[in-house]
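# Structure assessment
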Amino acid sequence: MLAPIEFEAGPTNRDLMAELRAIRAQIVNGVHPVAVGESGSKQEIDASLAAEAAEAKALLASYKAQVEQCEKLKVELDLIHNAIDQTKREIAVLHSKSFSGEEMAKVNGELGAVVGGTEEATQQILEAAEAIDQAATALGKVNSADQQQALSEEIQERVISIFEACNFQDLTGQRISKVMNTMKFIEHHIVAMMEIWGGVDEIKAHAPPVVDTREGDDRLLNGPRALGDDGHASQDDIDAMFN
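Residues numbered from 1 in each chain as written. Predicted model: local features only at pLDDT ≥ 70, side-chain atom pairs only at ≥ 80, totals over all residues. Heavy atoms only, no water.

### Notes on the nonpolar core
Keep this limit in mind: Think of a nonpolar core as a cluster: buried Ala, Val, Leu, Ile, Met, Phe, Trp, Tyr and Cys residues, connected wherever their side-chain atoms sit within 4.5 Å. Each residue is placed in one exposure class: buried if its accessible area under a 1.4 Å probe, protein chains only, is under 20% of its type's maximum, exposed if it is over 50%, and partly exposed if it falls in between. Secondary structure elements follow DSSP: runs of H or I of four or more residues count as helices, runs of E of two or more count as strands, with numbering from the N terminus. Between two residues, a contact is recorded if the distance between any of their heavy atoms is within 4.5 Å.
A128, I132, A135, V142, L151, I155 and I162 form the largest nonpolar core, which has seven residues in total. Contributions of two or more residues to this core are made by helix 3 (101-139) and helix 4 (145-165). Excluding its chain neighbours within four sequence positions, the residues that come into contact with I155 are I132, A135 and A136.

Here it is in structure tokens:
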């Protein structure tokens, strides 16, 4: 027979509950449960808790500020995304309606027809005017009634030819109107894209400086001035150079 083993009696459940109640009473009374001496006073504990609370509050405020900055950044990114998306749509409309080969070919064809029709009509008017001048000169030198009648009829035919040649203006106006409609369409969508990115003033801030790279006579040739344009010499200025 083996001898019975003796166990040391441990704390009972009642003892543990009593200790817990004692620790709680010490905390309520402002005494640290493991403190020894006066270092665990209630004032020090309160100061430590207040410091920890202030630190936690500051950390929370920092997190809140970061969240607000992230929200603002998201708003700005959404605005940029929408602006880019709208710009893409405007460019797509321009490409499909104006910059495609067929549409630009029409514009070039209309402008070419304007140039050709104007040149042809001008040549016809000049020839008619020259013929009228010759017939009028000859009319003063002939004495025959038949010759005078023939020259008069020729002058009348040339005048009619001039009137017919002047009809080019109507066709030219129609062709130029088509070109202007296309240019206005392009201008409208370009202005819309500029407004998307902040308006004309914002675009001007990024515009490169205008540099005239022409040389020689090309630098002096600017074509006829429009009414109201500044920076052009008038006929009086030119006449004053020869006085």
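### Let's talk about helix 5 (residues 168-196)
Just so we agree on the cut-off: An expected span of 1.5 Å times one less than the residue number is assigned to each helix.
Under the 1.5 Å per step criterion, the end-to-end length of helix 5 is 42 Å for 29 residues, consistent within 8% with the ideal 42 Å. Buried residues of helix 5: T172, V179, T182, I186, H189 and M193, and no others. G198 sits one or two residues past helix 5 and shows a positive phi near 110°.

### A look at helix 4
Inclusion rule: Our arc is simply the arc of the directions from the helix axis toward the C-beta atoms. Here a polar contact is recorded for every N or O atom pair within 3.5 Å, except that within protein the pair must consist of a potential hydrogen donor and a potential acceptor, and residues adjacent in sequence are included only if both atoms are side-chain atoms.
Its 21 residues place the ends of helix 4 30 Å apart at the C-alpha level, agreeing with the 30 Å of an ideal helix rising 1.5 Å per residue. Along helix 4, the residues classified as buried are L151, I155, S161, I162 and A165. Angularly, the buried residues of helix 4 cover 115° about the axis, an arc narrow enough to put them on a single face. In helix 4, the exposed residues that point more than 90 degrees away from the buried face are A145, D146, Q156, E157, F163 and E164. Of the residues flanking the start of helix 4, the one acting as N-cap is S144, its side-chain oxygen 3.4 Å from the backbone nitrogen of D146.

### Comments concerning the pattern of salt bridges
Stated formally: Here a salt bridge means any side-chain nitrogen of Lys or Arg lying within 4 Å of a carboxyl oxygen belonging to Asp or Glu.
Using the criterion set out here, one finds four salt bridges in the structure. Of the charged contacts, one joins E110 and R175 as a salt bridge, the two residues approaching to 3.5 Å between their closest N and O atoms. In this pair, E110 sits in helix 3 while R175 sits in helix 5, placing the two residues 65 residues apart along the sequence. The shortest N-O distance in the salt bridge between K178 and E110 comes to 3.7 Å. With K178 in helix 5 and E110 in helix 3, this residue pair connects regions lying 68 residues apart in the sequence. A residue is classified by how much of its surface remains accessible, and E110, at 17% relative accessible area, is buried. Sharing partners across several salt bridges, the network here consists of E110, R175 and K178.

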